[in-house]
Amino acid sequence: MSTITLPISTPVATNATHPKGNKARVLLCSVFGPYAQDDEYGSRTLNPMELYHNQVTRVQEAFSLRMFHRSWGIMLIQHNISAPCTLLDFPTRDRFIEEITNNHYDVVGITSIIPNILKVKNMCELIREHLPEATIVIGGHVCNVPDLQHRIDADHIVRGEGIRWMRRFLGDDESAPINHPNILAGINARALGLPARDKPGDVAATLIPSVGCPMGCNFCSTSAMFGGKGHYVHFYETGDELFEVMCKLEKNLNTQSFFVMDENFLIYRKRALRLLDLMIEHKKPWALYVFSSANVLRAYTIDQLVGLGISWVWMGLEGEGSQYAKLNGANTHELVRTLQSHGVRVLGSTIIGLEEHTPENIDAAIEHAVNHDTEFHQFMLYTPILGTPLHDEIGAEGRLFSNDEFPLSDTHGQYRFNYRHKNFKDGEESEIIVRAFKRDFKVNGPSVVRIVRTMLQGWRRYKNHPDARIRERFAWEVRELKTTFSGVLWAARKRLSHDVRMREKISNLLDELHREFGIISRIIAPIAGRYILHHMKKEERRLSEGWTYEPPTYCEFRHEAVVSA
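Scope of this entry: the structure provided in the associated data block. Every value quoted in this text rests on a predicted model; they were computed, and no experiment measured them.

### Let's talk about the overall build of the protein
And step 1. The helix and strand tally for the protein stands at 20 helices and 17 strands.
And step 2. Since a compact globule built from 565 residues should have a radius of gyration of about 24 Å, the 24 Å found for the protein is in line with a globular shape.
And step 3. C-alpha extents for the protein along the principal axes are approximately 70 × 60 × 45 Å.
And step 4. In the protein, buried positions account for 60% of the 565 residues.
And step 5. Restricting to contacts in the protein with at least 6 residues of sequence separation, those with at least 24 account for 77%.
And step 6. Put simply, the protein shows about 22800 Å² of open surface, and 51% of that area lies on carbon and sulfur atoms.
And step 7. Here the protein contributes 66 positively and 68 negatively charged side chains, and the mean placements of these two sets differ by 7 Å.

### Let's talk about the sheet that holds strand 8 (residues 194–195)
And step 1. Sheet architecture is open: three strands sit in the order 2-7-8, paired in antiparallel fashion. Each edge of the open sheet carries a strand with a single partner, namely strand 2 (66–68) and strand 8.
And step 2. Relative to strand 7 (residues 187–191), strand 2 runs antiparallel, the two being bridged by two bridges. Bridging from a neighbouring strand, R66 pairs with R190 of strand 7.

### Looking at the packing of helix 16 (residues 447–462) against helix 17 (residues 468–477)
And step 1. Remark: helix 16 packs on helix 17, axes separated minimally by 10 Å, with the N-to-C direction vectors making an angle of 150°. Judged by the angle between their axes, helix 16 and helix 17 are roughly antiparallel. Pair helix 16 / helix 17 crosses with left-handed handedness. In this structure, helix 16 uses M455, G458, W459 and Y462 to contact helix 17, whose residues at the interface are I470, R471, F474, A475 and E477.
And step 2. Looking at the contact of helix 16 with helix 17 residue by residue, the class counts come to six nonpolar, one polar and two charged.

### Quick notes on the environment of N295
And step 1. Relative to the assigned elements, N295 resides in helix 10 (residues 294–298).
And step 2. Between the alpha carbons of N295 and A330 there is a distance of 6.4 Å; along the sequence they are 35 residues apart.
And step 3. Engagement of the side chain of N295 in a polar contact is seen with the side chain of R298, the distance being 2.6 Å.

### A short note on the pairing of strand 16 (residues 376–381)
And step 1. Among the six residues in strand 16, six count as buried, and that is most of the element.
And step 2. Going residue by residue along strand 16, you find F376, Q378 and M380 tucked away on one face and H377, F379 and L381 tucked away on the opposite face as well.
And step 3. When strand 15 (residues 345–352) meets strand 16, the two strands line up parallel, connected through six bridges. For I351, the partnering residue across the bridge sits in strand 16 and is M380.
And step 4. With helix 13 (residues 362–370) bridging strand 15 and the parallel strand 16, this β-α-β connection has right-handed handedness.

### Here's the deal with unusual backbone geometry
And step 1. The omega torsion across G33 and P34 is 5°, close enough to zero to call that bond cis.
And step 2. Examined against the element boundaries, P34 turns out to sit in the loop between strand 1 (26–30) and helix 1 (51–55).
And step 3. A positive phi is found at N188, a non-glycine position, where the angle reads about 55°.
And step 4. Relative to the assigned elements, N188 resides in strand 7.
And step 5. In this structure, K283 takes a positive phi of about 60° despite not being glycine.

### Section: the pattern of salt bridges
And step 1. By the definition in use, this model includes 39 salt bridges.
And step 2. Where R95 meets E99, a salt bridge forms, and the shortest distance between an N and an O atom there is 2.9 Å. With R95 and E99 both in helix 3 (residues 93–102) and four residues apart, this pair spans about one turn of that helix.
And step 3. Ionic pairing is found between D262 and R271, a salt bridge with its closest N-O pair at 3.2 Å. We note that D262, like R271, is buried.
And step 4. The network of salt bridges with shared partners includes R197, D202, R479 and E480.

### Some words on the environment of I187
And step 1. Here I187 is to be found in strand 7.
And step 2. Residue I187 is classed as buried on the basis of its relative accessible area of 10%.
And step 3. The spatial distance from the C-alpha of I187 to the C-alpha of R503 is 32 Å, given a sequence separation of 316 residues.
And step 4. When near neighbours in sequence (up to four residues on either side) are disregarded, I187 contacts M67, F68, H69, R70, F90, P552 and Y554.

### A short note on helix 12 (residues 332–341)
And step 1. Here helix 12 has its buried residues at T332, L335, V336, L339, Q340 and S341.
And step 2. Its buried side turned inward, helix 12 meets helix 10, helix 11 (302–307), strand 14 (310–316), strand 15, helix 13 and helix 16.
And step 3. G343 sits one or two positions beyond helix 12 and adopts a positive phi of about 85°.

### What about a nonpolar patch on the surface?
And step 1. A surface patch of nonpolar side chains, amounting to about 400 Å² of accessible area, comprises I519, I520, I523 and I527.
And step 2. Within the element layout of this structure, I527 appears in helix 20 (residues 519–544).

### Brief notes about the packing of aromatic side chains
And step 1. In total, this model carries 24 aromatic pairs according to the counting rule given.
And step 2. Summarising the aromatic geometry, the rings of W72 and F259 are spaced 5.9 Å apart at their centres and angled 55° between planes, so their arrangement reads as tilted. On the criterion of sequence distance, the pair formed by W72 in helix 2 (residues 72–78) and F259 in strand 12 (residues 257–260) is long-range, its members being 187 residues apart. Each member of the pair, W72 together with F259, is buried.
And step 3. Linked through ring pairs, Y52, W72, F259, Y289, F291, W312, W314 and F376 together constitute an aromatic cluster.
And step 4. If you follow R269 out to its NZ or CZ, it ends over the ring of Y300, 4.7 Å from the centre.
And step 5. Over the ring of F474 we find R473; its NZ or CZ atom is 4.2 Å from the centre of that ring.

### Quick word on the environment of A185
And step 1. Within the fold, A185 resides in the loop between helix 6 (163–169) and strand 7.
And step 2. Each C-alpha atom of the pair A185 and G413 lies 23 Å from the other, and the pair is 228 residues apart in sequence.
And step 3. Ignoring any residue separated from it by four or fewer positions in sequence, one finds A185 in contact with F68, H69, W72, V203, A204, A205, T206 and F259.

### Some remarks on the nonpolar core
And step 1. Formed by 140 residues in total, the largest nonpolar core has its most connected members in L266, L275 and L288.
And step 2. With eight residues, the top contributor of residues to this core is helix 16.
And step 3. Apart from residues no more than four positions distant in its own chain, L266 is found in contact with A272, S292, V296, L297, Y300, L305, L308 and I310.
And step 4. In this structure, I97, M123, I187 and Y549 belong to the second largest nonpolar core, which totals 38 residues.

How each quantity is defined
- Each residue is numbered by its place in its chain's sequence as written, counting from 1.
- Owing to the predicted nature of the model, reporting of local features is limited to residues with pLDDT of at least 70; listing and counting of side-chain atom pairs is limited to 80 or more, with chain, interface and lining totals taken over all residues.
- Processing note: side-chain calculations cover all non-hydrogen atoms of the structure and skip hydrogens and water entirely.
- Secondary structure elements follow DSSP: runs of H or I no shorter than four residues count as helices, runs of E no shorter than two count as strands, and numbering proceeds from the N terminus.
- The globule rule is 2.2 Å times the number of residues to the power 0.38, and the radius of gyration it is compared with is taken over C-alpha atoms.
- Exposed residues in this analysis have more than 50% of their type's maximum accessible area, buried residues have under 20%, and partly exposed residues fall in between, with area computed by a 1.4 Å probe over protein chains only.
- Should any heavy atoms of two residues lie within 4.5 Å, those residues are considered in contact.
- Areas reported as accessible are Shrake-Rupley estimates using a 1.4 Å probe. Residue values count occlusion only from the protein chains shown.
- Under this rule, positive means Lys or Arg and negative means Asp or Glu; His and the chain ends count for nothing.
- For charged residues, the charge sits on one atom: NZ in Lys, CZ in Arg, CG in Asp, CD in Glu.
- Should DSSP find at least two bridges between two strands, the strands are taken to pair.
- Lines fitted to the C-alpha atoms define the axes, with helices restricted to the stretch that makes contact. Angles between their N-to-C directions range from 0 to 180 degrees.
- An angle below 35 degrees is treated as roughly parallel, one above 145 as roughly antiparallel, one from 65 to 115 as roughly perpendicular, and anything else as oblique.
- Helix crossings fall into two classes, left-handed where the near helix is turned counterclockwise from the far one by less than a right angle and right-handed where it is turned clockwise.
- Amino acid classes used here: Ala, Val, Leu, Ile, Met, Phe, Trp, Tyr, Cys and Pro are nonpolar; Asp, Glu, Lys and Arg are charged; the rest, including Gly, are polar.
- Polar contacts, as counted here, are pairs of nitrogen or oxygen atoms within 3.5 Å of one another; within protein the pair requires one atom able to donate a hydrogen and one able to accept it, and residues that are adjacent in sequence qualify only if both atoms are side-chain atoms.
- A right-handed crossover is one whose linking path, passing over the helix from the first strand to the second, runs clockwise when the strands point away from the viewer.
- Here, a salt bridge means any Lys or Arg side-chain nitrogen found within 4 Å of an Asp or Glu carboxyl oxygen.
- Each patch is built from residues that are more than 30% exposed by relative accessible area and take part in no salt bridge. Like charges join if they lie within 9 Å; nonpolar side chains (Val, Leu, Ile, Met, Phe, Trp, Tyr) join within 5 Å.
- Pairing of aromatic rings covers Phe, Tyr and the six-membered ring of Trp, with a centre-to-centre limit of 6.5 Å; geometry is then stacked below 30 degrees between planes, edge-to-face above 60, and tilted otherwise.
- Here, a charge over a ring means that NZ of Lys or CZ of Arg falls within 6 Å of the ring centre while also lying within 35 degrees of the ring normal.
- Among the buried residues, those of types Ala, Val, Leu, Ile, Met, Phe, Trp, Tyr and Cys that are joined through side-chain atoms within 4.5 Å form a nonpolar core.

Remember, this is a structural readout, not a statement about activity or role.
This is the structure:
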């Protein structure tokens, strides 16, 4: 297995090892909550620990997709070191203090994003107070802060891939194969005021083949963290290795769907096509949810994408005339329509406030994005994150706000620019990004309705496909269209009855479901719909009163992680 090992930036020598080696007791921890509140540690109500509700379905109220994702990086590390290791995910501050007060640890690792830097600082202070002999290791996106070692009291700052660093630090074989943990893609998922199904097989497994992105967009903090343009780290180099891992996840989690956490999974064509060969050979009707750039998608035939089980794509749609190579020559509207006609749901991602955007053309840019009619649409402010080339460029121009003017806790892309934009003044971008979300919701309706539309298109196209593997996958994907989703459409039509155009749109789609699935759909729709509508109204009342969601705390102990020889 070939990999690219990236340099590690630390305040001390990178070849340091812990004196206890793999006998050291290790605690790996995410930053403490609560998260969806404004507090002195940098939490923000506007930046909750919910990716979709935070950045994608932000204004969709009860229609919004709500879920949490575990801290996958430290889960990977825990499963790939031989030292006894406790993982504490989403603790409160009091729970973190309890853990480091009542238990002895030789090494404490903390992972964080940049907006939570004040929580990292405080956790380091608490460790020094309660575990003065412990070695403190910091990882995650917060390590993109160039002077982090001067802002917090830590022993090691690990920028980039942390598994091999921690193995080396603890005396394990850093080149051993990566042991992939069993990870569910989402936890506590809910929408429409109701929890989503979470029985075995209902939730996708998280699959992490690689980290980093060779595309190297200048604003991308993930690319910067793993070495920038042209750099990446493969955990699984070949399609054979990946297929073996997926078979294990399929068995252990009783799933046939995979959320592939890889910045541009399909760019590694040889690996992807070998995986396709193995899926065909072993008759795997798997569904894959992937990130991909437009030009990489266009390099595959639609038969290859469908054969790979590509069911959902997160794709950048930076806008007309974008400088970014991943969109060069791509007619993204046409590409999205093609994907949807084959049942592929698309999450489009658009940046607000590119250098060419002005108050005069920003609405046209928003309209360009909205006209894609993707199932989901993320809008983010053009933000120079610490550690990225864009940050260096704008810093060199003297346009960055100081930390006093704009704290790092607010640098999350949903609030304000952290620099002086050439064309926008006085924080008007805060209203513009909300306007973009609202426009998408107004024109295209709830994401859940769009999902039904595209799943139905895929089912109609492939329900009689000659390959049983393809038929099985589409049958599995639409298994709830005639029941639960018939009720969802009924409730959505009632909830949006004041909008004549949207009511008609949903009615037409519900009629299509009835024609496709017959009497069951017709009977279930009003029964399930009334139940769903009741819970939607209840949810909207809770949200209007300031209700927020927080992830549960996880504490998982692993005495001897399996590190393959």
